[in-house]
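Commentary on secondary and tertiary structure
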Amino acid sequence: VYKRQSSLSESCKPDVDFLRHIANPVINSFMLTVESGQLNLGVESQEDRKEITQKLISSLLDLRKGLINAEIKYNFSIYNGNPENIANYIGGAEWRELVEVTLSEFKDNEAAWKLMRDAVLTILNRLAEKYSSKCPTVAKAAADAIERLPKEPPKKSLEREEEAQESDQTTKSEAENDS
């Protein structure tokens, strides 16, 4: 368990709580967008659309649950916690794993992947904005986490296979030219 500090740092006194005033409202907004049914998810059948919609809602809830668990472990609430600990969390492996798991659920649907990435990106952008003057270490950690976010979904396995085959053929050609 992360070392619990209950006193606020002199350099970190934000007005808003990360989980309650930033993450939860963003997650709620994205859930409403998903539930509205107005998204173009790139699927034809109503059944596929329903399945992806349910998966999106479930992933948004899992993201919220992950953040709640992190707040407990890292004690980063502004209410009797140390918000500066957010920097330790989003700079660490547990945050990266949460993001990776959240995004990997949608590697086969680019629209859904982008929606989930946008949710994470919006949370980080708001965190950086809201904490920029009151807690610069957290704002910097949020900016760093934004830089580490993947820009596009991982390629589908067929595309990866084709690239590997092309790479193998290039290597063979280079080896033949070297001999």
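Every value quoted in this text rests on a predicted model; they were computed, and no experiment measured them.

Our focus in this paragraph is the packing of aromatic side chains. A complete count under the given rule lists four aromatic pairs for this structure. Consider the rings of Phe18 and Phe76, whose centres lie 5.7 Å apart with planes at 65°: the pair is edge-to-face. One end of the pair, Phe18, is in helix H1 (residues 18-36); the other, Phe76, is in the loop between helix H2 (46-74) and helix H3 (85-90), and 58 residues separate them in sequence. On the accessibility criterion, Phe76 (0% relative accessible area) is buried. Ring centres of Phe76 and Tyr89 lie 5.9 Å apart, and the angle between their planes is 35°; on these two criteria the pair is classed as tilted. Of the two residues, Phe76 sits in the loop between H2 and H3 while Tyr89 sits in helix H3, which places them 13 residues apart along the sequence. The class for Tyr89 is buried, based on a relative accessible area of 2%. An aromatic cluster is present here, built from Phe18, Tyr74, Phe76, Tyr89 and Trp95 joined pairwise through their rings. Note that Lys55 overlies the ring of Phe106, its terminal NZ or CZ placed 5.6 Å from the centroid.

Looking at the secondary structure, you find Val43 in the loop between H1 and H2. You can call Val43 partly exposed: its relative accessible area is 23%. The spatial distance from the C-alpha of Val43 to the C-alpha of Asn109 is 8.8 Å, given a sequence separation of 66 residues. Residues within four places of Val43 in sequence aside, it is in contact with Asp48, Arg49, Ile52 and Asn109.

Let's shift gears to the pattern of salt bridges. Tallying each qualifying case throughout the model produces six salt bridges. Ionic pairing is found between Asp15 and Lys134, a salt bridge with its closest N-O pair at 3.7 Å. Of this pair, Asp15 sits in the segment before H1 while Lys134 sits in the loop between helix H5 (110-131) and helix H6 (136-148), and the two are 119 residues apart along the sequence. Residue Lys114 pairs with Glu110 through a salt bridge whose shortest N-O separation is 3.0 Å. Placement of the pair is Lys114 and Glu110 together in helix H5, with a separation of four residues, close to one helical turn.

Within this structure, the stated rule accounts for one disulfide. Across the disulfide, Cys12 is cross-linked to Cys135 (sulfur-sulfur distance 1.9 Å). Around the S-S axis, the bridge from Cys12 to Cys135 shows a dihedral of about -90° and counts as left-handed. With Cys12 in the segment before H1 and Cys135 in the loop between H5 and H6, this residue pair connects regions lying 123 residues apart in the sequence. In this structure Cys12 comes out as buried when scored by relative accessible area, which is 0%.

One recurring pattern in soluble globular proteins: nonpolar side chains tend to sit buried together. Counting 50 residues, the largest nonpolar core has Phe18, Leu67 and Trp95 as the members making the most contacts within it. Residue assignment for this core shows that the elements contributing at least two residues are H1, H2, H3, helix H4 (93-104), H5 and H6. With 12 residues, the top contributor of residues to this core is H5. Setting aside residues up to four positions removed in sequence, Leu67 forms contacts with Phe18, Leu19, Ala23, Ile27, Phe76, Tyr89, Trp95, Leu98 and Ile123.

Thresholds applied
- Residues numbered from 1 in each chain as written.
- Predicted model: local features only at pLDDT ≥ 70, side-chain atom pairs only at ≥ 80, totals over all residues.
- Heavy atoms only, no water.
- Phe/Tyr/Trp six-rings, centres within 6.5 Å; stacked < 30°, edge-to-face > 60°.
- Helix = DSSP H or I, 4+ residues; strand = E, 2+ residues; numbered from the N terminus.
- Buried < 20%, exposed > 50% of the residue type's maximum accessible area, 1.4 Å probe, protein only.
- Lys NZ or Arg CZ within 6 Å of the ring centre and 35° of its normal.
- Contact = heavy atoms within 4.5 Å.
- Salt bridge = Lys/Arg side-chain N within 4 Å of Asp/Glu carboxyl O.
- Disulfide = S-S within 2.5 Å.
- Core = buried A, V, L, I, M, F, W, Y, C linked by side-chain atoms within 4.5 Å.

Shape descriptors only; they carry no functional weight alone.
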